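Descriptive structure summary
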Amino acid sequence: MTAGAGADAVVVRVDRDRCIGSGMCALSAPGSLALGTDGLAEPVAEYGTDGAELTMGLAEAVDFCPVEALTLYSARGGYRIAPAE
Ligand code: SF4
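The present account deals with the structure reproduced in this document.

The rules behind these values
Residues numbered from 1 in each chain as written. Predicted model: local features only at pLDDT ≥ 70, side-chain atom pairs only at ≥ 80, totals over all residues. Heavy atoms only, no water. Helix = DSSP H or I, 4+ residues; strand = E, 2+ residues; numbered from the N terminus. Buried < 20%, exposed > 50% of the residue type's maximum accessible area, 1.4 Å probe, protein only. Contact = heavy atoms within 4.5 Å. Near = heavy atom within 4 Å. Nonpolar A, V, L, I, M, F, W, Y, C, P; charged D, E, K, R; others polar.

**Quick word on the overall build of the protein chain**
When its secondary structure is counted, the protein chain shows 2 helices and 6 strands. A buried classification covers 39% of the 85 residues belonging to the protein chain. Taking contacts inside the protein chain between residues at least 6 apart in sequence as the whole, the part at least 24 apart equals 59%.

Shown next as structure tokens:
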């Protein structure tokens, strides 16, 4: 996975024990998430450095995941961005 840590960098984590392979996240954030050969989601690039647009796509993916398998973190601060705790 490509790494980058710009000002807007985020990290997305996939809980593959929860993922059911619906593919919703790959539609919302195609540059960041895709379905792997096992049919479950995986990060394309762990760090998104394209700023607000990518972050928004990932935040949307987190919201749309039907089983809450996605979590978005700040790459810089390590704090959780979404879903809200
Ligand atoms: S939206 Fe959730 S359940 Fe569907 S593929 Fe992505 S992580 Fe898996």
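**With respect to the site of the ligand**
The environment of the ligand is formed by 14 residues, the closest being Cys-19, Ser-22, Gly-23, Cys-25 and Cys-65. Classifying every residue of the shell around the ligand by side-chain character gives 11 nonpolar, 3 polar and no charged.

**Quick look at the environment of Leu-35**
As for its position among the elements, Leu-35 is in strand β2 (residues 33–35). A relative accessible area of 39% places Leu-35 in the partly exposed class. In this structure, the C-alpha to C-alpha distance between Leu-35 and Gly-21, residues 14 residues apart in sequence, is 7.0 Å. Aside from chain neighbours lying at most four places away, what touches Leu-35 is Gly-21, Gly-23, Leu-40 and Ala-41.

The analysis is restricted to geometry; functional conclusions fall outside its scope.
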